[in-house]
Amino acid sequence: MAFGQPRIEYKTDAQIRTMHKAGLVLSRALDAAAAAATAGTTTKELDEVFAAVLSDSGAKSNFLGYHGFPATICTSVNEEVVHGIPGNRILRDGDILSIDGGAIVDGWHSDSARTVIVGTADPADQRLSDVTETAMWHGIAALATGKNIGDIGAAVDDYVSSVPGKPLGILEDYVGHGIGSEMHMAPDVPNYRTGHRGPKIRPGLCLAIEPMLVRGGIDTAVLDDDWTVVTADGQRSCQWEHSVAVHSKGIWVLSAPDGGAERLAPLGVVPTPIP
């Protein structure tokens with residue numbers, strides 16, 4: 001602790017390279033789980049697909065057993081925001097599904113989430129997912145160009161607010177976080193404009209940037225399983241997340257195979273491979 005605040009763990013380039021290995025395993029596992037997310041499949045089956053990729057890659061799950069969580073991914077469907085537990089729920093055509101997972105390689109963590117729409121997409125759900133994903137990339141771009149952690153949430157908020165059409169809500173109860181030798185670490189990374197600058201952005205900082213947007217109000221509730229978070233009004237929600245590193249030469253998206261190059265290019269940011 002420093003002046004009452006949790007101490008931020010700053011990584012060396014060598015440690016970030018190991019986190020990148022964990023991120024690449026995680027990306028492949030999410031690819032497999034997303035591909036398996038078809039109508040008639042259970043969320044438990046998606047968990048099994050994801051776990052098999054981790055096992056085959058020699059990686060460990062950082063979700064399984066975390067504060068008692070019973071699976072390797074969170075599967076949040078429709079009004080479920082985050083922390084949905086995989087089980088016997090059968091996916092149906094038109095469901096919007098957020099898959100959140102993590103991996104550990106040699107003691108270093110990765111964390112990433114993506115949203116898929118099963119079968120035929122409701123245009124409003126597709127818009128929700130597209131805006132959430134693009135908002136995440138705006139937050140990542142702010143990590144590259146900003147000076148303080150607060151710049152990330154401001155960038156997400158500014159983009160979401162600029163999208164024409166019916167406004168989408170940005171959840172405030174759940175935020176991004178630092179990541180490294182543990183999955184959840186300081187600092188918190190709000191996905192909205194707070195008025196607080198927050199810690200300075202500097203080399204060695206690794207963050208999980210994860211906006212969560214909803215089609216309705218931003219109030220949430222936790223189900224009786226003590227994990228699954230749902231929208232209070234039953235409206236649909238969406239989550240996208242990447243782990244990102246600020247290293248000695250620039251930034252690199254650890255859980256994206258191309259380091260984020262394709263999606264950051266339109267935002268004027270060129271990620272730099274880890275030295």
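Here the residue numbering is sequential within each chain, running from 1 through the sequence in written order. Local features are withheld for residues below a pLDDT of 70 in this predicted model, meaning they are given only at 70 or higher, and side-chain atom pairs are given and counted only at 80 or more; totals for whole chains, interfaces and linings count all residues. As a convention, hydrogens and water are excluded, and side-chain values are obtained from all of the structure's heavy atoms.

Novice: Even after reading the chapter, I still don't get the layout of surface pockets, so can you show me in this structure?
Specialist: Using a probe with the size of a water molecule, rolled over the atoms, empty space left in the structure can be pinpointed. Detection works on a 1 Å grid of protein atoms alone, calling trapped sets that fit a 1.4 Å probe cavities and calling open sets with protein on both sides within 12 Å along at least five of seven lines pockets, with lining residues defined by an atom within 4 Å of a point. Grid points are joined across faces, edges and corners, and a volume is the space filled by probe spheres set on the points. Considering only enclosed or pocket space, the second largest pocket measures out at about 270 Å³ in volume. If you trace the second largest pocket, you find 19 residues lining it, with H83, D100, H177, H184 and E210 closest to the centre. Ten residue types, Ala, Val, Leu, Ile, Met, Phe, Trp, Tyr, Cys and Pro, are classed as nonpolar, four, Asp, Glu, Lys and Arg, as charged, and the remainder, Gly among them, as polar. Within the lining of the second largest pocket, the residues separate by chemical class into 10 nonpolar, 4 polar and 5 charged.

Novice: What is the right way to read the pairing of strand β8 (residues 206–209) from this model?
Specialist: Remember that side chains alternate between the two faces of the sheet whenever the strand is regular. When a residue's accessible area, from a 1.4 Å probe over protein chains only, is under 20% of the maximum for its type it is buried; when over 50% it is exposed; and in between it is partly exposed. Numbering of helices and strands runs from the N terminus, with a helix taken as a DSSP run of H or I at least four residues long and a strand as a DSSP run of E at least two residues long. Neither face of β8 is left uncovered, since the one carrying C206 and A208 and the one carrying L207 and I209 both have all their residues buried. Between any two strands, pairing holds if DSSP finds at least two bridges. Of the pairings in the sheet, the one linking strand β6 (residues 176–178) to β8 comprises 2 bridges and is antiparallel in character. Bridged to H177 within β8 is A208. Pairing between β8 and strand β13 (residues 242–246): 4 bridges, direction antiparallel. Bridge pairing links L207 to V244 in β13.

Novice: What is the right way to look at the sheet that holds β8 in this model?
Specialist: Two modes of strand pairing occur in sheets, parallel and antiparallel, and in both the strands are linked by backbone hydrogen bonds. Strands sit in the order β7-β6-β8-β13-β14 across an open sheet of 5 strands; the sheet is antiparallel. Unpaired on one side and paired on the other, β7 (185–189) and β14 (251–253) mark the two borders of the sheet. Taking the axes of each pair of neighbouring strands and ignoring which way they run, one obtains an average angle of 25° across the sheet. Where β6 meets β7, 3 bridges bridge the pair, whose relative direction is antiparallel. Bridged to H177 within β7 is D188. A contact between two residues is defined here by any heavy atoms of the two lying within 4.5 Å. For helices, the axis comes from a line fit to the C-alpha atoms of the stretch in contact; other axes are also lines fit to C-alpha atoms, and the angle between any two N-to-C directions lies between 0 and 180 degrees. Across the sheet, helix α3 (residues 123–145) touches β8, β13 and β14, and the angle it forms with β13 is around 10°.

Novice: Which parts of the structure should I look at to understand the pattern of salt bridges?
Specialist: Two side chains that carry opposite charge are able to pair once their charged atoms sit near each other. One speaks of a salt bridge when a side-chain nitrogen belonging to Lys or Arg is within 4 Å of a carboxyl oxygen belonging to Asp or Glu. Throughout the structure, instances matching the rule amount to 8 salt bridges. A salt bridge links K11 to E9, with the nearest nitrogen and oxygen atoms 3.1 Å apart. Looking at E9, the relative accessible area reads 22%, which means it is partly exposed. For D158, the salt bridge identified is with R193, shortest N-O distance 2.7 Å. Pair noted here: D158 is in helix α4 (residues 150–162) and R193 is in the loop between β7 and β8, with a separation of 35 residues, a long-range link.

Novice: So what exactly am I meant to see when it comes to the sheet that holds strand β1 (residues 73–77) here?
Specialist: A sheet is described by the order of its strands in space; here 3 strands give the open sequence β1-β3-β4, paired in antiparallel fashion. Of all strands in the sheet, those with a lone pairing partner are β1 and β4 (108–117), marking the two edges. The average undirected angle you get between the axes of adjacent strands in this sheet is 15°. As defined by bridge partners, β1 adjoins strand β3 (residues 96–105) across 5 bridges and the pair is classed as antiparallel. In the strand pairing of β3, S76 is matched with S98. Taken strand by strand, helix α1 (residues 13–35) contacts β3 and β4, and its axis lies near 25° from that of β4.

Novice: Honestly, the side chain of H177 in this entry has me stumped. Any pointers?
Specialist: In this fold, H177 is placed in strand β6. Side-chain atoms alone can form a polar contact between residues adjacent in sequence; in general such a contact is a pair of N or O atoms within 3.5 Å, and within protein one must be able to donate a hydrogen while the other accepts it. Of note is the side chain of H177, whose polar atom sits 3.1 Å from the side chain of D111. Reaching out from H177, the side chain makes a polar contact with the side chain of H184 at a distance of 3.5 Å. Excluding residues within four positions of it along the chain, H177 makes contact with D111, M183, H184, M185, P187, V189, C206, L207, A208, E210 and E241.

From the geometry alone we can't say anything about function, so treat these as descriptive.
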